[in-house]
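Descriptive structure summary
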Amino acid sequence: MGTIAIIAAVILGISFMTFVAFFGRLPALRNTPISFLHRLIWIYLPNGLFAVDRTLTNGRLTTSLARLGRHLWYDQHPTILIFFFLLLSVGEYLYLPVAWPHFSLVHKIFGTLAIFCPYLFLYLSAFTDPGTVNRETHVREMARYPYDFTLFHPGTSCETCHLLKPARSKHCSICKRCVGRMDHHCIFINNCVGANNQRWFILLLLSTAILTLYGGVLGLGIIRAKIQARFPYWTLLPWWTSQQAWEDGSLDFHRWLVLWSWGLQSGVAMGSVTLLALLTTPLVWGLLGYHLWLVYCGTTTNESMKWQDWQAEMDEGGVYKRRIESDRVKDLKVEPAWTRWPVEAEQVMVRTDDGKPPRSSHRLPGEGEWEAVWRLKDVENLYDIGLWDNLVDVFLPYFMFKEAKGRSPVDEREFGRERGRNRRRSS
C-alpha cells in the first residue's frame, strides 16, 4: 500500500495547497484556518526565509526567487495554461488505453463528449477577448451597465488606460488593460474572466468537473470489477462487506487495503489517474459552485471583495445611504445617456471619517435624509436582477434588457458624441 498511499498523499497535498492558494484570500474565508494557512504560506514563511537569506547571502537568493515568483504570478505567460493542458492530455493518455476496452457503447459516446468539451471551452476561455475597454470599445462598454453609486461611481478614470472606467470594469495589472465586468484573472487560461468569456469559463469548470467525476467513477468501477473477479467477497468500502467474510477471517481491514493496492497496481497508470480525478473533483466542483453562487447573487469575485470591504466599514460605523431621485438628469460628461440594463440606481452609499452623516455642504447625489447602514442585506445590489436574468447576462453578454425610449440602442453613440464635444472644448 506504500506506493498508492504516497500517490494519494501527493495528490491530496497538491489539491489542498491549490485550494489554499486560490481561495485563501476570499472574504468569506477571513478569520478561518484556510486564511491563516494562506498568510503562513505567502507572508510568514517568505518573510522568515528572507530574514535567513539576508543573513547568509545578503538577500540575493530571495531576490532572485521573488523575481521568478512575480513573473509566474503577475506576468502574462502561458506556463500554467500549458500545464493544465498537459494535465488533461497526459492523464487521458495514461487512462484511456486501459479503461477504453471496458466501456460500453453508451460510455464511449458520452466519454468522447466529456473528453472533448474541456478542450473546446479551454480554447474559448483563453482566446476570447474578455471585454477589453479601449477607445474603440469604450462607448459600448459604458452602455453595458449603469453606475450603482455604491461600488462604482461615475467620473473615475483609469490612471493607466486614461479612460473613464465603465461600471463593473477593472484594470488588470497582468493583462495591462481594463476589462468589462471583470471577475478575476485566471492563470489557468492565461486570460481575464470578464463579460465576454465568463460563460466559456463556467462551461470549462462544468465540463472539467464532469470529466473528473465521470472518469473517476468509471475507473473505480473497473478496479472494483477486477478485484471482485478474483476475490468476490471484496467490496469498495469495508462496511459494505458481508458480516460472514469478517467473521470467518476471509477479510480483515489490512487484507481489504492489500486488495485495494493490488487492484490499483495491476494498472498503475489508470489507477493513478483515477485517484487524481477522484481527489481533485471536489476542488473543481467547489470552484464551479462558487462561481454559480456569484451568478445567483448578481456579482463577481472582484465585486464580492468590494462588498466585504463595505461590510467591514459598516462594522466600524459611519456608512450612510440615501435615495437617488428617479428622474435625475445624468451628467453626460461622465455617464452614458442610456444603458441596456433594465434598472437604474436608486441609492447612493458613502462612508464618513467621523462616523456622522455627510453635511449638506458636501455635494453628493441623492435626496432626502441620510440613513445609517449596518448590514449588507439593507443595501440594494443594482446588478442582481434575478437568477434567470443574471444567467442571461452571463451567457448572452450583449442582450438588450430594455429598448431606449424614443431611439434605438445604436443611439448610445450620444454619449460618445458628448464626450467628444467635451474634449474639443477642453482643448
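Everything in this summary refers to the structure shown in the same document.

Parameters at a glance
Residues numbered from 1 in each chain as written. Predicted model: local features only at pLDDT ≥ 70, side-chain atom pairs only at ≥ 80, totals over all residues. Heavy atoms only, no water. Helix = DSSP H or I, 4+ residues; strand = E, 2+ residues; numbered from the N terminus. Buried < 20%, exposed > 50% of the residue type's maximum accessible area, 1.4 Å probe, protein only. Contact = heavy atoms within 4.5 Å. Areas by Shrake-Rupley, 256 points an atom, 1.4 Å probe, with all protein chains shown as cover. Core = buried A, V, L, I, M, F, W, Y, C linked by side-chain atoms within 4.5 Å. Pairing = 2+ DSSP bridges. Phe/Tyr/Trp six-rings, centres within 6.5 Å; stacked < 30°, edge-to-face > 60°. Salt bridge = Lys/Arg side-chain N within 4 Å of Asp/Glu carboxyl O. Axes fitted to C-alpha atoms, helices over the stretch in contact; angles between N-to-C directions.

With that out of the way, let us pick up the overall build of the chain. Check the secondary structure of the chain and you find 13 helices and eight strands. For the chain, with 427 residues in total, the buried portion stands at 43%. When contacts within the chain are restricted to residue pairs at least 6 apart in sequence, those whose partners lie at least 24 apart make up 72%. About 23,300 Å² of surface is accessible on the chain, with carbon and sulfur atoms providing 63% of the total.

Ranked by size, the top nonpolar core spans 38 residues in total, and within it Tyr95, Ile189, Trp234 and Trp260 carry the most contacts. Looking at this core, the elements with two or more residues in it are helix H4 (79-99), helix H5 (105-127), helix H7 (198-230), helix H9 (253-265) and helix H10 (268-297). In contact with Ile189, not counting residues within four places along its chain, are Leu81, Leu122, Ser125, Ala126, Asn197, Phe201 and Leu204. Of all hydrophobic cores here, the second largest spans 26 residues; its members include Phe149, Ala345, Val348 and Met349.

It is worth spelling out the sheet that holds strand E1 (residues 132-133) at this point. Ordered in space as E1-E3-E2, the three strands form an open sheet in which the pairing is antiparallel. Each edge of the sheet is formed by a strand with only one pairing partner; in this case those strands are E1 and strand E2 (170-172). Relative to strand E3 (residues 177-179), E2 runs antiparallel, the two sharing three bridges. Bridging from a neighbouring strand, His171 pairs with Cys178 of E3.

Two measures describe an aromatic ring pair: the distance that separates the ring centres and the angle between the ring planes. Inspection of every chain in the model, using the stated rule, returns 13 aromatic pairs. Each ring, one from Phe399 and one from Phe401, has its centre 5.0 Å from the other, and the planes form 75 degrees; the classification is edge-to-face. Judged by its relative accessible area of 37%, Phe399 is partly exposed. A relative accessible area of 16% places Phe401 in the buried class. Put simply, the rings of Tyr145, Phe152, Trp341, Tyr383, Phe399 and Phe401 touch in pairs and so form one group of aromatic residues.

With that settled, consider the pattern of salt bridges. On inspection of all chains with the given rule, the structure shows 13 salt bridges. In this structure, Asp129 and Arg177 form a salt bridge, with 3.8 Å as the shortest nitrogen-oxygen distance. Of the two residues, Asp129 is situated in the loop between H5 and E1 and Arg177 in strand E3; the sequence distance between them amounts to 48 residues. Residue Asp393 pairs with Arg340 through a salt bridge whose shortest N-O separation is 2.6 Å. Of this pair, Asp393 sits in helix H12 (residues 387-395) while Arg340 sits in the loop between strand E6 (319-323) and strand E7 (347-351); the two residues are 53 residues apart in sequence, bridging distant segments of the chain. One network of salt bridges, with partners in common, ties together Glu313, Glu316, Arg351 and Asp353.

Residue position: Asn302 is located in helix H11 (residues 301-316). Using a relative accessible area of 10% as the deciding quantity, one classes Asn302 as buried. Those residues within four positions of Asn302 in sequence are excluded, and the remaining contacts are Lys170, Met182 and Asp183.

What follows is about the sheet that holds strand E8 (residues 367-372). As summarised here, the arrangement of the three strands in space is E7-E6-E8, forming an open sheet in which the pairing is antiparallel. The strands lining the two open edges of the sheet, one partner per strand, are E7 and E8. Looking at each pair of strands side by side, their axes are set apart by 25 degrees on average, direction ignored. Packing of H11 onto the sheet brings it into contact with E6 and E7, and relative to E7 it is tilted by some 60 degrees.

What follows covers unusual backbone geometry. Residues apart from glycine generally show negative phi values, whereas peptide bonds are mostly found in trans. With phi around 60 degrees, Lys176 is a residue other than glycine that occupies positive phi space. Mapping Lys176 onto the fold places it in the loop between E2 and E3. The phi torsion at Arg181 lies on the positive side, around 40 degrees, for a residue other than glycine.

Time to look at the side chain of Gln198. Tracing the backbone shows Gln198 in helix H7. Residues contacting Gln198, with those up to four places away along its chain left out, are Arg181, Asp183, Val193, Val295 and Val394.

Here we come to the pairing of E7. Along E7, four of the five residues are buried, which leaves the element largely enclosed by surrounding structure. The pairing of E6 with E7 spans five bridges and is antiparallel. In the strand pairing of E7, Arg323 is matched with Gln347.

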